[in-house]
Amino acid sequence: MNLRDLKKYILPFTLMAIIGFLIIAACGGAGGTTEAPESVPVSGDINEIAAARGLTPADVEAAVKTYTPTGMIDEYVMFSSGGHSGQLLVIGMPSMRLLKVVGVFTPEPWQGWGYGAKTTMEVLDEGKVDGEDVLWGDTHHPALSETEGEYDGEWVFINDKANARIAVIDLRDFETKQIVKNPIAVNDHGGTMVTPDTEWIIEGGQYAAPLGWEYASLEDYESEYRGMVTFWKFDRESGRIQYDQSFAMELPPYWQDLCDAGKLVSDGWVFCNSFNTEMATGGVESGNPPFEAGASQRDMDYMHIINFDKAIEVANAGQTEMVADFPVIPMQTAIDEGLLYFAPEPKSPHGVDISPGGEYMVVSGKLDPHVTTYSFEKVQAAIEAGGFETDDYGIPILAFDDVVESQVEVGLGPLHTQFGPDGYAYTSLFLEPAVARWTLGGPYEDLNEDPPWSLVTKTFVHYNVGHIAAAEGDTVSPDGKYLVSLNKWAIDRFKNVGPLLPQNFQLIDIGQPGTTMPLLYDMPIGIGEPHYAQIIKADKLEPWEVYPEIGWNPGTQSPDPNATMTGEERIERDGNNVDIYMTAVRSHFTPEHVEIKQGDHVTWHITNVERAYDATHGFSLPGYNINVSIEPGETASFEFDATHDGVFSYYCSEFCSALHLEMVGYMLVEP
Amino acid sequence: MSTSLDKIIGPRAPEEQQAEDHLRYRLPTIFFLVAVVLLIASVFLPYWQMTLQAPQYPKGLSVQAYIYKLTGDVREIDGLNHYIGMRPLAEAAQLERSLSIVAVSTLSLLIVAAIFIHTKYTVLLALPAILYPFIFLGDMYFWLRNFGLNLDPAAPLSSAIKPFIPPLLGVGKLAQFVTITEVKSGFYLASIASVCIIIGLYFHRRAYKPLVDSQIEAENQAEDEFEQEQ
């Protein structure tokens, strides 16, 4: 083969190779390279700044652990009750920045929650109590939905202690979708907790009363007053509590407090603590011991142990009585069917918390310096063994020594317990006030260096801690790292803002073992008195950036039949009924003139046709008390009777663009 | 005697010659077919892209022009453009987009036809496909100019933003927006197809020019002989 032949054969293939390369280069696009952040040495100025501000080295360390520069997203998100604000707080951690106040039981103007928009008014209407609006709530215990005992970031539930109501919040858009009023209870406390796959939401009662909002004299307390626990069936598909499939269980008139669902080995069981097993009825004004003394006489109250799987069977079999049209398993049925057992618990407890593996129930008797841990295995063995004593109502009582695994003396006023991934448990100590770290034993024994069932350390908090929340600290796999102490009193922690002080959320670093458990940061809560909070890994939350389609109804989470696209805007009149189909886009409403007559009934639909992240428009109609928030893609509807004549300028109430002030229109109501 | 159709189609290579040097006759076919494949593939890829960068759009906004459609943040860009009075992007090049698939199919068929034509007319068949990328850019420039120069004088920002010609390629600046316009993979494929056709034409000429020449020579010779006989 000569050179010419060789060239003849190579040239085409070379050309093909070049072309192939060009194709790959053209299609491949530019691949980005990620650079690892370099650690920058801290200059000497830091010391000067710290000295000038009076910061200790520990303060500087805490600052570095929590400071979150612009654009950095928090690692965790805390869902906290908003206390009597009736709302739900969403807080980023570790920065402790308030991200959102979700309107739940109380109208919230920014979100247009309860100021006209039908999807919001309908939910608030579900929360009516005996036909009356109750537009506040004493929110207590949020519960994130779980899948196999892990938070899944899809739903969050919260109760209103004051009115025994449960709310369902959809974490696709962080909006409340349902409020359910408990028909048999005036108020509650022990809600909300979910079963490991969120099939049920648990709502425990509190102050005993005749079930179903009936009257009975306090003379008849023992015979007529009752406690209760309600099990709400939740359906993920519809995102609603299924009222018709839910039921309650009648309990003695002890004051049931908090409940928790068993998990893993104890799945299918529910545990609630109680106090006032003395059945004190108060009446300090009549010379009786006040409740605070009367309800604190006995050294032991009763942990309620409920065979929940079996209770579902009993309820499904129709072995219930209707109270206020709601099925209730009578106490005697619960006894006969082996649904309910008691275990003595010291003393006036305020929390029953299940260990990550479900093996242990941890109870803190707030007037006893111990945390008492019960073994689920021992409880099962004791039930199996039989031969019980009973209380006055015939409910079997398991012997304390038969079911207790251990008691650890942690300090004064123990309340609530959370868990870490490393065999540590954390209990709030109201009186000290402090958060105690102590060790679990059994399967948790080898997870840390400290001896099992012993107090490890305490971190003092400011002041009067109630609940605590650790990162995913009540799930089957706690994360550790951070714990928040929800303190009731702030006293001197913040600049005085008058005699009503904010509460104080204190962030504690629980990422290091042993006695190291430093306080990192204080966050004042000036909106209500939060009770409980749950902390979820931020990346489990995947809410929508904008609604999935233009013309979305957040109430049904589906396209809205009144969705209006650009070009379809119109005003239709049928007699006195006027229907307005409007669009909102930066920076105008269409139509900008709405001419109606006094006495018309107006139904107004507005679709935000934006697809841009954060391009929310508000719609305010002064004079008619309308304020609606219309997020990108949303269709909002409201209606009213045009009772007052005059000229009303409606305007965008969410600063949307440079020409936001020009985003306005006139509603002319002709007399 | 050759008919006029034979004159356009040109000579076939004798089979013994094809067997002897098959690459010589296959190369033009290969390059033309590669060009056809690239052209058809380019339909499914964007030809041109405009990216807008502004502080309030951390991920940027972009619109991709395929030959038959626009994708990306068209709606959002239209929403912004209305402030300066620019018409919605979908109004641009409607005819071109509606004909584009037919046009590219036609270009491809012409190339396929060119494979079977062994005369200088091959160049005529191949020329539209060679020029096609330039036509695309020319048309794009026409519409950018048309849109940029015909702003609604009643738009909110008409006094701040005067009519302008958006850059066809490169980086521009408009209010708080940096605009980056660039050609994308579909355009590159179409351009490579052009190059392939040119290379194919070279090999085509190398393969068939001698045959055509010898045919003409033979015809001339025959004519001469005919004349001589007369």
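Quick caveat: nothing in here was measured; it's all calculated off a predicted structure.

Caption draft 1: Examining the overall build of chain B more closely. The helix and strand inventory of chain B stands at seven helices and five strands. Here the C-alpha atoms of chain B give a radius of gyration of 25 Å, more than 25% beyond the 17 Å that 2.2 N^0.38 yields for 230 residues. Along the three orthogonal principal directions, the C-alpha set of chain B runs to about 90 × 35 × 25 Å. With 230 residues in all, chain B has 44% of them scored as buried. Taking the intrachain contacts of chain B between residues at least 6 apart in sequence as the baseline, contacts between residues at least 24 apart amount to 68%. Approximately 12600 Å² of chain B is accessible, and the part contributed by carbon and sulfur atoms is 64%. Charge separation in chain B, taken as the distance between the mean sites of 17 positive and 21 negative side-chain charges, equals 15 Å.

Caption draft 2: Summary view of the pairing of strand β32 (residues 533-537) of chain A. Residue and element names in this part refer to chain A. In terms of residue burial, β32 counts as a mostly covered element, since four of its five residues are buried. Across five bridges, the pairing between strand β1 (residues 76-81) and β32 is antiparallel. Bridged to Phe 79 within β32 is Gln 534.

Caption draft 3: View of the packing of aromatic side chains. All names here are of chain A. The final tally for this structure, using the stated rule, is 49 aromatic pairs over all chains. Taken together, a centroid distance of 5.8 Å and an interplanar angle of 35° make the contact between Phe 79 and Phe 174 tilted. Taken together, the residues Phe 79 in strand β1 and Phe 174 in the loop between β6 (165-170) and β7 (175-181) connect sequence positions 95 residues apart. Comparing Phe 79 with Phe 174 shows no difference in burial state: the two are buried. Three or more aromatic residues link up through ring pairs in this structure, and these residues are Phe 589, Trp 604, Phe 619, Tyr 624, Phe 638, Phe 640, Phe 648 and Tyr 650. Here the guanidinium or amino end of Lys 366 rests over the ring plane of Phe 275, the centre of that ring lying 4.8 Å away.

Caption draft 4: Spatial organisation of the nonpolar core. Grouped together as the largest cluster of nonpolar side chains are 50 residues, with contacts concentrated most on Leu39(B), Tyr47(B), Trp48(B), Tyr132(B), Phe136(B) and Ile197(B). Counting residues per element, the ones that place at least two in this core are α3 (22-42), β1 (48-54), β2 (57-65), α4 (74-84), α5 (94-116), α6 (121-149), β5 (177-183) and α7 (185-229) of chain B. At 10 residues, the largest contribution of residues to this core is made by α7(B). Among residues more than four places away in sequence, those in contact with Tyr132(B) are Leu39(B), Tyr47(B), Ile67(B), Val104(B), Leu107(B) and Ala190(B). The next biggest cluster of nonpolar side chains, apart from the first, holds 38 residues, and it includes Trp255(A), Met279(A), Met331(A) and Ile395(A).

Caption draft 5: Highlighting a negative patch on the surface. Residues Glu148(A), Asp197(A), Glu199(A), Asp267(A), Asp309(A) and Glu313(A) make up a contiguous surface patch of negative charge. Its location among the elements puts Asp309(A) in helix α7 (residues 308-316).

Caption draft 6: Structural view of the sheet that holds strand β23 (residues 404-409) of chain A. Residues and elements named next belong to chain A. Read from one edge of the open sheet, four strands run β18-β19-β20-β23, paired in antiparallel fashion. Where the open sheet ends on each side, the last strands, each with one partner, are β18 (349-354) and β23. Averaged over all pairs of adjacent strands, the angle between strand axes in this sheet comes to 20°, irrespective of strand direction. Looking at chain direction, β18 and strand β19 (residues 360-365) are connected through four bridges and run antiparallel. Across the sheet, the residue bridging to Ile 354 is Met 361, located in β19. With respect to the sheet, helix α9 (residues 376-385) is in contact with β19, β20 (370-375) and β23, its orientation differing from that of β20 by roughly 55°.

Caption draft 7: Just the state of the cysteines, in detail. Residue and element names in this part refer to chain A. In this structure the tally under the stated criterion is one disulfide over all chains. The disulfide bridge from Cys 259 ends at Cys 272, spanning 2.2 Å between sulfur atoms. Where Cys 259 bonds to Cys 272 through sulfur, the torsion about that S-S bond is close to 100°, and the disulfide is right-handed. Placement of the pair is Cys 259 in strand β12 (residues 255-261) and Cys 272 in strand β13 (residues 269-275), with a sequence separation of 13 residues. With respect to class, Cys 259 is no different from Cys 272; both count as buried. Cys 656 takes part in no disulfide bond, and the closest cysteine sulfur, belonging to Cys 652, lies 4.0 Å away.

Caption draft 8: Focus on the environment of Trp438(A). All names here are of chain A. Summarising the element assignment, Trp 438 is placed in strand β26 (residues 434-439). Here Trp 438 falls in the buried class, since its relative accessible area comes to 0%. On a C-alpha basis, the gap between Trp 438 and Ile 91 in space is 27 Å, while along the polypeptide they are 347 residues apart. At 2.7 Å, the side chain of Trp 438 forms a polar contact with the side chain of Thr 427.

Caption draft 9: Layout of the layout of surface pockets. Residue and element names in this part refer to chain A. Empty space within the second largest pocket amounts to approximately 750 Å³. Around the second largest pocket, the lining comprises 23 residues; the ones closest to its centre are Leu 55, Asp 59, Val 60, Ala 62 and Ala 63. Contributions of two or more residues to the lining of the second largest pocket are made by α2 (45-53), α3 (57-66) and β31 (519-525). With nine residues, the top contributor of residues to the lining of the second largest pocket is α3.

Procedures and definitions
Residues numbered from 1 in each chain as written. Chains lettered and ligands numbered in written order. Predicted model: local features only at pLDDT ≥ 70, side-chain atom pairs only at ≥ 80, totals over all residues. Heavy atoms only, no water. Helix = DSSP H or I, 4+ residues; strand = E, 2+ residues; numbered from the N terminus. Rg over C-alpha atoms; globule rule 2.2 N^0.38 Å. Buried < 20%, exposed > 50% of the residue type's maximum accessible area, 1.4 Å probe, protein only. Contact = heavy atoms within 4.5 Å. Areas by Shrake-Rupley, 256 points an atom, 1.4 Å probe, with all protein chains shown as cover. Lys, Arg positive; Asp, Glu negative; His and termini not counted. Charge placed at Lys NZ, Arg CZ, Asp CG, Glu CD. Pairing = 2+ DSSP bridges. Phe/Tyr/Trp six-rings, centres within 6.5 Å; stacked < 30°, edge-to-face > 60°. Lys NZ or Arg CZ within 6 Å of the ring centre and 35° of its normal. Core = buried A, V, L, I, M, F, W, Y, C linked by side-chain atoms within 4.5 Å. Patch = residues over 30% accessible without salt bridge, like charges linked within 9 Å, V, L, I, M, F, W, Y side chains within 5 Å. Salt bridge = Lys/Arg side-chain N within 4 Å of Asp/Glu carboxyl O. Axes fitted to C-alpha atoms, helices over the stretch in contact; angles between N-to-C directions. Disulfide = S-S within 2.5 Å. Polar contact = N/O pair within 3.5 Å; in protein donor to acceptor, adjacent residues only side chain to side chain. 1 Å grid on protein atoms, 1.4 Å probe; cavity = no way out; pocket = protein on both sides within 12 Å on 5 of 7 lines; lining within 4 Å. Points joined across faces, edges and corners; volume = space filled by probe spheres on them.

Everything listed here is a matter of geometry and, on its own, says nothing about what the molecule does.
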